[in-house]
Amino acid sequence: MMFDARDMMVNAYAMMLDARDMMVNAYAMMFNIRDMMVNIRAIMVDIRDMMVNIRAIMVDIRDVMVNARAIMVDIRDIMVNAHAMMIDTIISWKCYE
């Protein structure tokens, strides 16, 4: 009877040690999960920064296209003026004939 009680106490002590080990493992897993969440947050911040940079690049491209359009309008104006000068030249030739 006494040996049975001692065996039960030893088993209870072993169960307590197992429970303590499981709690330590759960605590370690919580730290690992926290570290993973911190890493995920850092990755999301990096993605946000990349998207901000892409937006800035797209704004730059839009500015370049606006400038190209202005240059094309200037070229069109120059061609219109050249055409008008050609017509004036033809008319002045006709006057001397």
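Residues numbered from 1 in each chain as written. Predicted model: local features only at pLDDT ≥ 70, side-chain atom pairs only at ≥ 80, totals over all residues. Heavy atoms only, no water.

1. With respect to the overall build of the chain
In terms of helices and strands, the chain carries one helix and zero strands. Computed over its C-alpha atoms, the radius of gyration of the chain comes to 42 Å, more than 25% above the 13 Å expected for a compact globule of 97 residues. Seen along its three principal axes, the alpha-carbon backbone of the chain occupies a region of about 140 × 10 × 5 Å. For the chain, with 97 residues in total, the buried portion stands at 0%. Total accessible area on the chain stands at roughly 9,600 Å², and carbon and sulfur atoms take up 72% of it. (Helix = DSSP H or I, 4+ residues; strand = E, 2+ residues; numbered from the N terminus. Rg over C-alpha atoms; globule rule 2.2 N^0.38 Å. Buried < 20%, exposed > 50% of the residue type's maximum accessible area, 1.4 Å probe, protein only. Areas by Shrake-Rupley, 256 points an atom, 1.4 Å probe, with all protein chains shown as cover.)

2. Notes on the packing of aromatic side chains
Scanning the model with the defined rule gives one aromatic pair in all. With 4.9 Å between their ring centres and 85° between their planes, Tyr27 and Phe31 make a pair best called edge-to-face. Residue Tyr27 and its partner Phe31 are located together in helix α1 (residues 2-96), separated by four residues, close to a single helical turn. (Phe/Tyr/Trp six-rings, centres within 6.5 Å; stacked < 30°, edge-to-face > 60°.)

3. A few points about the pattern of salt bridges
Counting across every chain of the model gives six salt bridges. The residue Asp35 makes a salt bridge to Arg34 at a minimum N-O spacing of 3.3 Å. Relative accessible area serves as the criterion here: at 36%, Asp35 is assigned to the partly exposed category. In this structure Arg34 comes out as partly exposed when scored by relative accessible area, which is 47%. (Salt bridge = Lys/Arg side-chain N within 4 Å of Asp/Glu carboxyl O.)

4. Here's the deal with a nonpolar patch on the surface
Taken together, the side chains of Ile33, Met36, Met37, Ile40 and Met44 define a hydrophobic patch exposed on the protein surface, amounting to about 540 Å² of accessible area. Looking at the element boundaries, Ile40 is found in helix α1. Given a relative accessible area of 46%, Ile40 falls into the partly exposed group. (Patch = residues over 30% accessible without salt bridge, like charges linked within 9 Å, V, L, I, M, F, W, Y side chains within 5 Å.)

5. Description of the environment of Ile47
The residue Ile47 is located in helix α1 in this model. For the pair Ile47 and Met9, spaced 38 residues apart in sequence, the C-alpha to C-alpha distance is 56 Å.

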